[in-house]
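Below are the chains, spelled out letter by letter.
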Amino acid sequence: MSSLYGRMSLVIFAATFCLEFAVTCSSNVNTTALFVPSTRYPCWRQPAIVSLGEGRQTILAFAENRNVSQCAPPISRTHVVSYPKVAHPDEVGSFHFRRSVDGGKSWEALSTSLYVGNIDFYTATVAADGKTVYIVLEAGGNVVIKSEDAGTTWSTASTSLAVRGVPADVKSIKPSVGHGVIVSPALCSGGACANAGRMVVPMVCTNASVEYPALVGGDKGACPACVACLIVSDDNGKTWTFGGTGPAGSRESEVAQIPSTSTGARFYMTARNMGPTPGHRYNATCTDGGMVCGQFGIDSGLVSPDTPHWTGIVDGVVAVRTEGGQNLLVLSGAANPTQRAQMTVRTSVTSGATWDHSEVVWPGPAGYADVAAIGTKGKTVAVIFENGDSSFADRVSVATITLPLQ
């Protein structure tokens, strides 16, 4: 019953925000609040989502708990309310997930803590066997947590992740926020990718040769030393090699595999823009199975919030193949230019060159987002996103969305 009331409340709030923000909202969305603050878990941030298993009906939704007094500033209808940065030197957070085994129709209870401590970024990647999940977690170093049974049981955090071939000018490397991908042979010429089964995981690097001023709260202002980067594994996560890098000033990124006319896998990269001209997302094309990235650009069609407190935001992207054989990219992200608000889903049939359709999932305050394909017929995606009624981080919800977008 409480789940029903929760869904009804979200529907009512969404309808109100649609009117206030004067946007057209999608009618083919089913939204569930998965991570809701409590006395024990006062703040949920930085979600990620993956689908796995036979038929891709099992969904793992992740979020980070932060033991803080204020999760995010309140938002007015016209501007973000200014608030002082609050220091939490003794913060002890925790990392959790919830699981659905029926494509998002129902969800198991909140997991116990997979990790306890000061947590920053993390990525979740499903291995080629369809049941092993790797979490790379930045917590005073890059550690790995692994499940070999689709989230039923988990290992304890291992020692620091070792990456070979890191360039000398890379000062640091840590996970992005979101999910990694596996190279699919179906998207290469003749259905044969040279690196089929390779794990490709987005990370965040900093360039040791670039000097830059400290960012306000770590998230406001230009960061010329930041660069989105990739690591790859050809042995199901046993060893890792440094891959391609995005444009200077990019930070958190995600990649999705796109069609290739050769046996080398290609990827579309979308990245947070913390460069000198924020407000729209960076993009790139990565080739050679994720080892080289180029064709850098700023996508004028993908608005990204530039607010008084934050520059850019974390979006999600996933490749979807329809029953008719069409290859889609599906991207989720906040699309208001001056506020963290207006969670929007877009689709592209041109490997990210253009975005053909879009629908507003949540018109009110909204923050970080990720997206996963559900099922094998290209008909449904699940978007996990921060959202709220008074701030963008009142809760973390999952919306299942029917394709194609209208």
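Residues numbered from 1 in each chain as written. Predicted model: local features only at pLDDT ≥ 70, side-chain atom pairs only at ≥ 80, totals over all residues. Heavy atoms only, no water.

(A) Geometry of the sheet that holds strand β20 (residues 316-321). An order of β1-β25-β24-β23-β22-β21-β20 is seen for the seven strands of this open sheet, with the pairing classed as antiparallel. In the strand order of this sheet, the two ends are held by β1 (29-35) and β20, each with one partner. Across the sheet, the mean angle from the axis of one strand to that of its neighbour is 25°, orientation sign disregarded. Bridge analysis of strand β22 (residues 341-348) against strand β23 (residues 357-374) gives six bridges, and the strand direction is antiparallel. Counterpart to V345 in the pairing with β23 is E359. (Pairing = 2+ DSSP bridges. Helix = DSSP H or I, 4+ residues; strand = E, 2+ residues; numbered from the N terminus. Axes fitted to C-alpha atoms, helices over the stretch in contact; angles between N-to-C directions.)

(B) Spotlight on the sheet that holds strand β2 (residues 44-52). The strand order across the open sheet formed by four strands is β2-β3-β4-β5, and the pairing between neighbours is antiparallel. Of all the strands in the sheet, just β2 and β5 (115-117) have a single pairing partner and so form its edges. Averaged over all neighbouring strand pairs, the angle between strand axes comes to 20°, with direction disregarded. Note that strand β3 (residues 58-65) and strand β4 (residues 93-100) share seven bridges and pair antiparallel. By the bridge assignment for β4, L60 is matched with R99.

(C) Broad picture of the environment of A72. Considering the arrangement of structural elements, one finds A72 in the loop between β3 and β4. Each residue touching A72, except ones within four places of it in the same chain, is listed here: S391, F392 and A393. (Contact = heavy atoms within 4.5 Å.)

(D) Main features of unusual backbone geometry. Across the junction of L403 and P404, the peptide omega takes the value 0°, indicating a cis bond. Examined against the element boundaries, P404 turns out to sit in the segment after β25 (395-402). Here Q342, not a glycine, exhibits a phi torsion of approximately 65°, which is positive. Relative to the helices and strands, Q342 is located in strand β22. A relative accessible area of 18% places Q342 in the buried class. At S351, a residue that is not glycine, the phi angle is positive and equals roughly 55°. S351 gets classed as partly exposed once you look at its relative accessible area, which sits at 26%. (Buried < 20%, exposed > 50% of the residue type's maximum accessible area, 1.4 Å probe, protein only.)

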